[in-house]
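What follows is the residue order along each chain.
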Amino acid sequence: MGITGASGSLYAYALVRALHQLGIETHLIVTEMGEKVMQFECNKKMDELKEYATIHSNKNLFASIASGSYLTDGMVIVPCSMNTLGAIANGVGDTLLSRAASVVLKEKRTFIIVPREAPFNLIHLRNMTALAETGACIMPASPGFYHKPTEIWELANFMVARILDMLNIDHRLLERWGEKT
Ligand SMILES: Cc1cc2nc3c(=O)[nH]c(=O)nc-3n(C[C@H](O)[C@H](O)[C@H](O)COP(=O)(O)O)c2cc1C
């Protein structure tokens with residue numbers, strides 16, 4: 001899992017916590033700006049995420065997840081900045097986050113990107129198209145409102161639930177549409 005400096009750190013916090021609660025082993029890479037925005041928006045320090053995941057330095061290209069021989073079920077970048085999205089779409093792999101993403105793409109594993117920007121310019125859209133063509137799932141941070149959320153956590157959990165579904169991880173975070181009697 002990668003966390004970048006786009007707005008929406010709450011989605012990342014909710015996801016890493018849910019993965020831990022579901023017993024999923026998670027490796028986490030946070031960019032410098034990802035850390036700052038997480039602190040700014042959620043008042044959370046990286047130390048607080050240590051109980052949920054193994055945290056790797058974004059500078060450590062010797063980490064296990066930098067190699068395709070290290071088996072993983074997939075990768076999620078949430079929230080994904082246009083900066084990181086552009087780097088990955090253009091084959092840059094000079095940080096652990098961009099290298100791990102490139103590995104997941106070449107190994108054809110599940111790769112979910114949750115971009116956050118508004119509006120998108122043509123370069124953003126082209127980069128997303130390139131990633132989608134290479135096999136990534138572009139899952140914009142745009143929660144639905146049909147479950148009538150009243151709290152911010154319900155909005156975050158909407159996205160977390162969709163990400164877990166895409167990763168084929170069983171969960172009961174949200175009532176599914178059509179489930180109500
Ligand atoms: C409070 C805050 C919110 C930001 N929100 C976004 C955003 O939603 N999308 C985005 O692409 N960049 C956003 N940025 C800018 C990125 O942090 C910046 O482009 C940075 O270089 C991204 O670096 P990273 O990809 O290494 O995390 C935001 C910056 C700040 C300070």
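Throughout, residues of each chain are indexed from 1 in the direction in which the sequence is written. In view of the model being predicted, local features appear only for residues whose pLDDT reaches at least 70, and side-chain atom pairs are presented and counted only at 80 or more, with totals across whole chains, interfaces and linings using the full set of residues. Water and hydrogen atoms were dropped before computing side-chain values, which therefore reflect all heavy atoms in the structure.

A. Spatial organisation of the overall build of the protein. Helix and strand counts for the protein come out as six helices and six strands. Only C-alpha atoms enter the radius of gyration, while the globule expectation follows 2.2 Å times N to the 0.38, with N the number of residues. Taking 2.2 N^0.38 as the reference for a compact globule, 181 residues should give roughly 16 Å; the C-alpha atoms of the protein span a radius of gyration of 16 Å, in line with that estimate. Exposure classes here rest on a 1.4 Å probe applied to the protein chains alone. A residue is buried below 20% of its type maximum, exposed above 50%, and partly exposed in between. Taking all 181 residues of the protein together, the buried fraction comes to 46%. Within the protein, residue pairs in contact and separated by at least 24 positions form 74% of the contacts whose partners lie at least 6 positions apart. Runs of H or I in DSSP of at least four residues are treated as helices and runs of E of at least two as strands, each being numbered from the N terminus. Contacts between residues were defined by any pair of non-hydrogen atoms, one from each residue, lying within 4.5 Å.

B. Here's a closer look at the side chain of Thr26. Counting through the fold element by element, Thr26 comes out in the loop between helix H1 (9–21) and strand S2 (27–30). Given a relative accessible area of 7%, Thr26 falls into the buried group. Polar side-chain contacts of Thr26 include one of 3.2 Å to the backbone oxygen of Ile24. Under this definition, polar contacts are N or O atom pairs within 3.5 Å; protein pairs additionally need one hydrogen-donor-capable and one acceptor-capable atom, and for neighbouring residues in sequence, both atoms have to be side-chain atoms.

C. Main features of helix H2 (residues 32–42). For H2, the complete set of buried residues consists of Gly34, Val37, Met38 and Cys42. Seen from one end, H2 has its buried residues packed into an arc of 105°, which puts them on one side. Of the exposed residues in H2, those oriented more than 90 degrees away from the buried face are Glu32, Lys36 and Phe40. Residues of H2 that are buried in the fold lie against strand S1 (2–3), H1 and S2. In the segment just after H2, Asn43 is the residue with positive phi, at about 60°. By definition, the arc is the one covered by directions from the helix axis to the C-beta atoms.

D. Quick peek at the site of the ligand. As a matter of local geometry, the ligand sits amid 13 residues, with Gly5, Thr31, Ser81, Thr84 and Arg116 nearest to it. In the environment of the ligand, an oxygen atom lies 3.1 Å from a nitrogen or oxygen atom belonging to the backbone of Ser7. At 2.6 Å, a backbone N or O of Arg116 approaches a nitrogen atom of the ligand. Throughout, the Shrake-Rupley method with a 1.4 Å probe supplies accessible areas, and for residues the shown protein chains are the sole cover considered. If the ligand stood free it would expose 640 Å²; the protein chains cover 67% of that surface. Sorting the residues of the shell around the ligand by element identifies H2 and helix H3 (82–89) as the ones contributing at least two each. Side-chain classes follow a simple rule in which Ala, Val, Leu, Ile, Met, Phe, Trp, Tyr, Cys and Pro form the nonpolar group, Asp, Glu, Lys and Arg form the charged group, and the remainder, Gly included, forms the polar group. Residues of the shell around the ligand, tallied by class, amount to four nonpolar, seven polar and two charged. We call a residue near a molecule or strand as soon as one heavy atom of that residue lies within 4 Å of the molecule or strand.

E. Layout of the pattern of salt bridges. One speaks of a salt bridge when a side-chain nitrogen belonging to Lys or Arg is within 4 Å of a carboxyl oxygen belonging to Asp or Glu. Tallied over the entire structure, the rule returns seven salt bridges. With its nearest N and O atoms 2.8 Å apart, the salt bridge here joins Glu107 to Lys106. Linked through salt bridges whose partners overlap, the residues forming this network are Arg162, Asp165 and Arg176.

F. A nonpolar patch on the surface, seen in detail. The patches reported here contain residues having more than 30% relative accessible area and no salt bridge. Joining distances are 9 Å for like charges and 5 Å for nonpolar side chains (Val, Leu, Ile, Met, Phe, Trp, Tyr). On the surface, Phe120, Leu122 and Leu125 cluster together into a nonpolar patch covering about 260 Å² of accessible area. Tracing the sequence through the fold places Leu122 in helix H5 (residues 122–133).

G. Highlighting the UniProt feature "domain: Flavoprotein" (unreviewed entry) in the protein. UniProt positions are given in the numbering used here, feature names are shortened, and annotations may be inferred rather than shown by experiment. Per the UniProt entry, the sites bearing "domain: Flavoprotein" (unreviewed entry) are residues 2–167 in this numbering. A helix fraction of 42% and a strand fraction of 14% characterise residues 2–167, whose end C-alpha atoms lie 15 Å from each other.

H. Up close: the UniProt feature "binding site: dimethylallyl phosphate" (unreviewed entry) in the protein. The positions UniProt marks with the feature "binding site: dimethylallyl phosphate" (unreviewed entry) are Tyr146 and Arg162. Over a stretch of 17 residues, the named residues converge on one spot in the fold, their C-alpha atoms separated by at most 14.0 Å. Considering only the residues just annotated, the second largest pocket is lined by Tyr146 and Arg162. Of note, Tyr146 is situated in the loop between strand S6 (137–138) and helix H6 (152–166). Classification of Tyr146 as partly exposed rests on a relative accessible area of 49%. Not counting residues up to four positions away in its chain, the partners in contact with Tyr146 are Phe158 and Trp177. Counting through the fold element by element, Arg162 comes out in helix H6. According to the relative accessible area criterion, Arg162 is partly exposed, its value standing at 40%. We place a 1 Å grid over just the protein atoms. Points where a 1.4 Å probe fits but has no way out form a cavity, open points with protein on both sides within 12 Å along at least 5 of 7 lines form a pocket, and any residue with an atom within 4 Å of a point lines it.

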